[in-house]
Amino acid sequence: YGYDEIARIVERSEENCRQLYVRARRHVDEGRPRFEADRKHRDELVERFFAAAERGALAALEEMLADGVVVYGDGGGKAPSWQPVYGPERVAKLIAGTLRQAMELGASLRAIHLNGQPGVMFLDAEGRVGAVMSVDVADGLVQAIRGVTNPDKLAHLGPVADVRQVLREARER
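A quick note: this is a predicted structure, and the numbers were derived from the prediction, not measured.

What counts as what
Residues numbered from 1 in each chain as written. Predicted model: local features only at pLDDT ≥ 70, side-chain atom pairs only at ≥ 80, totals over all residues. Heavy atoms only, no water. Core = buried A, V, L, I, M, F, W, Y, C linked by side-chain atoms within 4.5 Å. Buried < 20%, exposed > 50% of the residue type's maximum accessible area, 1.4 Å probe, protein only. Helix = DSSP H or I, 4+ residues; strand = E, 2+ residues; numbered from the N terminus. Contact = heavy atoms within 4.5 Å. Axes fitted to C-alpha atoms, helices over the stretch in contact; angles between N-to-C directions. Parallel < 35°, antiparallel > 145°, perpendicular 65-115°, else oblique. Left-handed = near helix turned anticlockwise from the far one by under 90°. Salt bridge = Lys/Arg side-chain N within 4 Å of Asp/Glu carboxyl O. Patch = residues over 30% accessible without salt bridge, like charges linked within 9 Å, V, L, I, M, F, W, Y side chains within 5 Å. Areas by Shrake-Rupley, 256 points an atom, 1.4 Å probe, with all protein chains shown as cover. pLDDT = per-residue confidence, 0-100. Expected span 1.5 Å × (residues − 1). Pairing = 2+ DSSP bridges.

### A few points about the nonpolar core
Side chains of a nonpolar character, in soluble globular proteins, are inclined to be buried together.
Part 1 of the reasoning: Ranked by internal contacts, the top residues of the largest apolar core, which has 27 residues, are Phe49, Phe50, Val91, Ile95, Val142 and Ile145.
Part 2 of the reasoning: Residue assignment for this core shows that the elements contributing at least two residues are helix H3 (39–55), strand E1 (65–74), helix H5 (88–104), strand E4 (117–123), strand E5 (129–138) and strand E6 (141–148).
Part 3 of the reasoning: Aside from chain neighbours lying at most four places away, what touches Val91 is Leu65, Val69, Val71, Val85, Tyr86 and Ile145.
Part 4 of the reasoning: In terms of nonpolar packing, the next biggest core, distinct from the first, is built from 8 residues, Met121, Leu123, Val129 and Leu154 among them.

### Describing the packing of H3 against H5
Part 1 of the reasoning: Viewed as axis vectors pointing N to C, H3 and H5 meet at an angle of 70°, and their least axial separation amounts to 7 Å. Taken together, the axes of H3 and H5 lie roughly perpendicular to each other. Crossing angle aside, the handedness with which H3 passes H5 is right-handed. Contact residues: H3 offers Phe49, Phe50, Ala53 and Glu54, while H5 offers Ile95, Ala96, Leu99 and Met103.

### Some points on the pattern of salt bridges
Part 1 of the reasoning: Enumeration over the complete set of coordinates arrives at 10 salt bridges.
Part 2 of the reasoning: As a salt-bridge pair, Asp74 and Lys153 come within 2.4 Å of each other at their nearest N and O atoms. With Asp74 in strand E1 and Lys153 in helix H6 (residues 151–154), this pair connects stretches of sequence that are 79 residues apart.
Part 3 of the reasoning: Asp136 is the partner of Arg146 in a salt bridge, and the nearest nitrogen-oxygen pair spans 2.7 Å. One end of the pair, Arg146, is in strand E6; the other, Asp136, is in strand E5, with 10 residues separating them in the sequence.
Part 4 of the reasoning: Using a relative accessible area of 31% as the deciding quantity, one classes Arg146 as partly exposed.
Part 5 of the reasoning: The class of Asp136 is buried, set by a relative accessible area of 5%.
Part 6 of the reasoning: If you follow the salt bridges from partner to partner, you end up with Arg39, Arg42 and Asp43 in one network.

### Details of unusual backbone geometry
Part 1 of the reasoning: You will see that Glu11, though not glycine, has its phi angle at about 55°, which is positive.
Part 2 of the reasoning: Looking at the secondary structure, you find Glu11 in the loop between helix H1 (3–10) and helix H2 (14–30).
Part 3 of the reasoning: Owing to a relative accessible area of 72%, Glu11 belongs among the exposed residues under this scheme.
Part 4 of the reasoning: Even without being a glycine, Asp139 presents a positive backbone phi close to 55°.

### What to know about a nonpolar patch on the surface
Part 1 of the reasoning: A cluster of nonpolar residues, Tyr1, Ile6, Ile9 and Val10, forms a patch on the protein surface that exposes about 460 Å² of accessible area.
Part 2 of the reasoning: Here Ile9 lies in helix H1.
Part 3 of the reasoning: Of the residues examined, Ile9 reaches a relative accessible area of 58% and is grouped as exposed.

### Regarding the confidence of the model for the chain
Parts of the prediction with low pLDDT should not have their coordinates interpreted in detail.
Part 1 of the reasoning: Mean pLDDT for the chain: 88, with 95% of residues reaching 70 or above.
Part 2 of the reasoning: Ranking the elements of the chain by mean pLDDT puts helix H7 (residues 163–172) last, at 76, and helix H4 (residues 58–63) first, at 96.

### So, H5
Part 1 of the reasoning: With 17 residues, H5 should reach 24 Å at 1.5 Å per residue; the first-to-last C-alpha distance of 24 Å fits that figure.
Part 2 of the reasoning: For H5, the full list of buried residues reads Pro88, Val91, Ala92, Ile95, Ala96, Gly97, Thr98, Leu99 and Ala102.
Part 3 of the reasoning: Following H5 by one or two positions, Gly106 adopts a phi angle in the positive range, close to 90°.

### Quick word on the sheet that holds strand E3 (residues 108–114)
Two modes of strand pairing occur in sheets, parallel and antiparallel, and in both the strands are linked by backbone hydrogen bonds.
Part 1 of the reasoning: Read from one edge to the other, the open sheet built from 6 strands follows the order E2-E1-E6-E5-E4-E3, with strand pairing classed as mixed. Both edges of this open sheet fall to strand E2 (85–86) and E3, since each of them pairs with a single strand only.
Part 2 of the reasoning: As paired strands, E1 and E2 are joined by 2 bridges and run antiparallel to one another. The partner of Val70 across the bridge, within E2, is Tyr86.
Part 3 of the reasoning: Here H5 sits on the sheet in contact with E1, E2, E3, E4, E5 and E6, set at roughly 45° to E1.

See the structure below:
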């Protein structure tokens, strides 16, 4: 496709499409790995990240986040989730708040690997899976966090908690 055709398809200007191509080509030519190669370093960063989140240490969290960090949520319409959240300050607040709420509801965290990436599993008081988060790390910083609360995508991990019910019961207390 020519830039004019691409511009029409993606509803951008032709110049913008050219610039996106130049940036993408430069990134590919740099040959940087998409994810951190050293698993031990990556896992240690993620462990420190969730420990800081549990403490509510926003400044420490922000230091571990890339400028372009994003959080994605997947509830599949069956469980609570969030729209993408961008930027270190907003992501740090979201993750710290999410962990604070989970702990208040009696949840515990278990370190796991999902799709080859480090992360955590949220377990309710009965040990049922309520959610998982995986963390993409590159250049020594957290680049993206992917949260899943969709029960259909959690079932292979064990018994699944009804997160909506847990939240309803907490509001009634």
